[in-house]
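In case you want the letters, here they are:
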Amino acid sequence: MIIGVIGSGGREHAICSKILESKKVTQIYCFPGNAGTNLIAKNVNIKADEFDKIREFVINYKINFLIVGPEKPLVDGIVDYFKKHKIKIFGPDKLASQLEGSKIFTKKLCKKFNIPTAKFGIFKSIKESKVYLKNSKFPIVIKADGLAAGKGVYICKKIETANEAVEEIFNGKFGVAHNVLIEEFLDGEEMSYFIVTDGKAIKKFQTAQDHKRALEGDKGKNTGGMGAYSPSAIINEVLDKKIMNKIIIPTLRGLKKMGAIYKGFLYAGLMIIDNEPYLIEYNVRMGDPECQTILPRLKTDIVEIFSSCCENKLKKVMIKWHEEKSLCIVLCSKGYPENFKNSLEINNLRKIKLEDNELIFHAGTINKNNIIYSNGGRVLNFVVLSKNFKISRIKAIKLIEKLDWQNGFYRKDIGFKVIK
Ligand code: AMP
Ligand code: GLY
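Residues numbered from 1 in each chain as written. Chains lettered and ligands numbered in written order. Predicted model: local features only at pLDDT ≥ 70, side-chain atom pairs only at ≥ 80, totals over all residues. Heavy atoms only, no water.

## Re helix α13 (residues 389-403)
Consideration 1: Spanning 15 residues, α13 covers 21 Å between terminal C-alpha atoms, matching the ideal 21 Å at 1.5 Å per step.
Consideration 2: Every buried residue belonging to α13 is among F389, S392, R393, A396, I397, L399, I400 and L403, and all of these are buried. In an axial view of α13, the angular spread of the buried residues amounts to 155°, which keeps them on one side of the axis. Facing away from the buried side of α13 by more than 90 degrees, the exposed set consists of K398 and K402.
Consideration 3: Among the structural elements, β14 (227-230), β17 (325-333), β18 (358-362) and β21 (378-386) are those in contact with the buried residues of α13. (Helix = DSSP H or I, 4+ residues; strand = E, 2+ residues; numbered from the N terminus. Expected span 1.5 Å × (residues − 1). Buried < 20%, exposed > 50% of the residue type's maximum accessible area, 1.4 Å probe, protein only. Arc of directions from axis to C-beta. Contact = heavy atoms within 4.5 Å.)

## Quick word on a positive patch on the surface
Consideration 1: Residues K112, K200, R253, K256, K257 and K315 make up a contiguous surface patch of positive charge.
Consideration 2: The leading source of residues in the positive patch is helix α10 (residues 237-257), at three residues.
Consideration 3: Here R253 shows up in helix α10. (Patch = residues over 30% accessible without salt bridge, like charges linked within 9 Å, V, L, I, M, F, W, Y side chains within 5 Å. Areas by Shrake-Rupley, 256 points an atom, 1.4 Å probe, with all protein chains shown as cover. Salt bridge = Lys/Arg side-chain N within 4 Å of Asp/Glu carboxyl O. Lys, Arg positive; Asp, Glu negative; His and termini not counted. Charge placed at Lys NZ, Arg CZ, Asp CG, Glu CD.)

## Considering the site of ligand 2
Consideration 1: Every residue near ligand 2 is listed here: D210, G224, Y267, N283, R285, G287, D288, P289 and E290.
Consideration 2: G224 is positioned such that a nitrogen or oxygen atom in its backbone is 3.1 Å from a nitrogen atom of ligand 2.
Consideration 3: Residue D288 places a main-chain N or O atom 2.9 Å away from an oxygen atom belonging to ligand 2.
Consideration 4: Taking 200 Å² as the accessible area of ligand 2 by itself, protein coverage stands at 89%.
Consideration 5: Considered class by class, the residues forming the shell around ligand 2 number two nonpolar, three polar and four charged. (Near = heavy atom within 4 Å. Polar contact = N/O pair within 3.5 Å; in protein donor to acceptor, adjacent residues only side chain to side chain. Nonpolar A, V, L, I, M, F, W, Y, C, P; charged D, E, K, R; others polar.)

## Quick notes on the sheet that holds strand β9 (residues 180-184)
Consideration 1: The four strands lie next to each other as β6-β9-β7-β8, forming an open sheet whose pairing is antiparallel. Each end of this open sheet is capped by a strand with a single partner; those strands are β6 (120-123) and β8 (153-156). Between one strand and the next, the sheet's axes are offset by a mean angle of 20°, whatever the strand orientation.
Consideration 2: Note that strand β7 (residues 140-144) and β8 share four bridges and pair antiparallel. Residue I140 lies in a different strand from β8, and its bridge partner there is C156. (Pairing = 2+ DSSP bridges. Axes fitted to C-alpha atoms, helices over the stretch in contact; angles between N-to-C directions.)

As structure tokens, then:
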């Protein structure tokens, strides 16, 4: 089997590594990939938004099916495009991808199908928003509607900062804004919950917890994710059932009624309050770095999962997991998520010897003439599986220290809520 993976981050390197474990696969192509995927797949110099060029390549190189890593091509309709051309692809269609593409779409769906979420209002202007804010309780949460790479959410303790947030959004910080979403602040414990579906069967795909803030103690700016651990410490059988019955199943049923086809991973960002789940947001893909954290725990052949989804046969697949706890630390370029330098050489990488259950995934890296350079804010992911999170974290930090990359920084406290 020949498989194409679309994307270029740590998530896609982790997906390629897992695919490589399958005996069913003879070749992987990555569009466009990074220095890590190039070690195990063949990087193709075509970007994720160049649908026509990818299609030409898929036909010429006889690729059996495509896996889409990031949200942007999904929201742009890559799945509809390839379906129209009768090429198999793993991911939700354009309409279903609105779950991530528009926070207001998701809120309306929650309302229609009675899915628990924070109380909210949708406002069409700065003036209207400010009138509402005047009579609101704080903290309050202000959100830009569309894709904003994790940056379109403001948690405001005071009316002044809330007013500023509304102004920034309507003044186009995240693109043209016709609406803003203002919602109640939910005070609880966060959890990321993943499932995989072929459009009929739904299978759980583990839980995780990421750390979105740049600095230790969950302080500083929001980022794409500085680290994660899996499983989440707060999941239990009762909660699991509630999440499936009150959130996941009604969502997928609702989408079906709207005529959308959901095939692929679905990532629910949840707030848990007194063992009750509330939906904060949906992502229509695996998380990054949650994917790098979760996939090493997967026992089942991932290609069996992907291909059975493409053929609507997921029901027959039993997904099994390793018991070990997994923890991932993201090594970033100094200055991320704001100004950071690119194209900085990473020289010690090849010298690091990995033990069993230790992995390094590349995120923002590029190989030029056999030298690896940084190529983005989040550069490398260090993942360790062990019997507890504490050991995983100690080992991951040791690996980062061995690399000794002077241009990098990372959080030493990933998993602090579950490590004493
Ligand atoms: P999102 O991009 O929607 O996941 O939001 C980013 C982060 O903001 C989440 O991971 C939460 O930590 C926080 N957040 C979003 N919505 C709420 C809410 N209604 N109440 C409390 N925290 C929230
Ligand atoms: N780690 C958060 C995300 O992938 O959206």
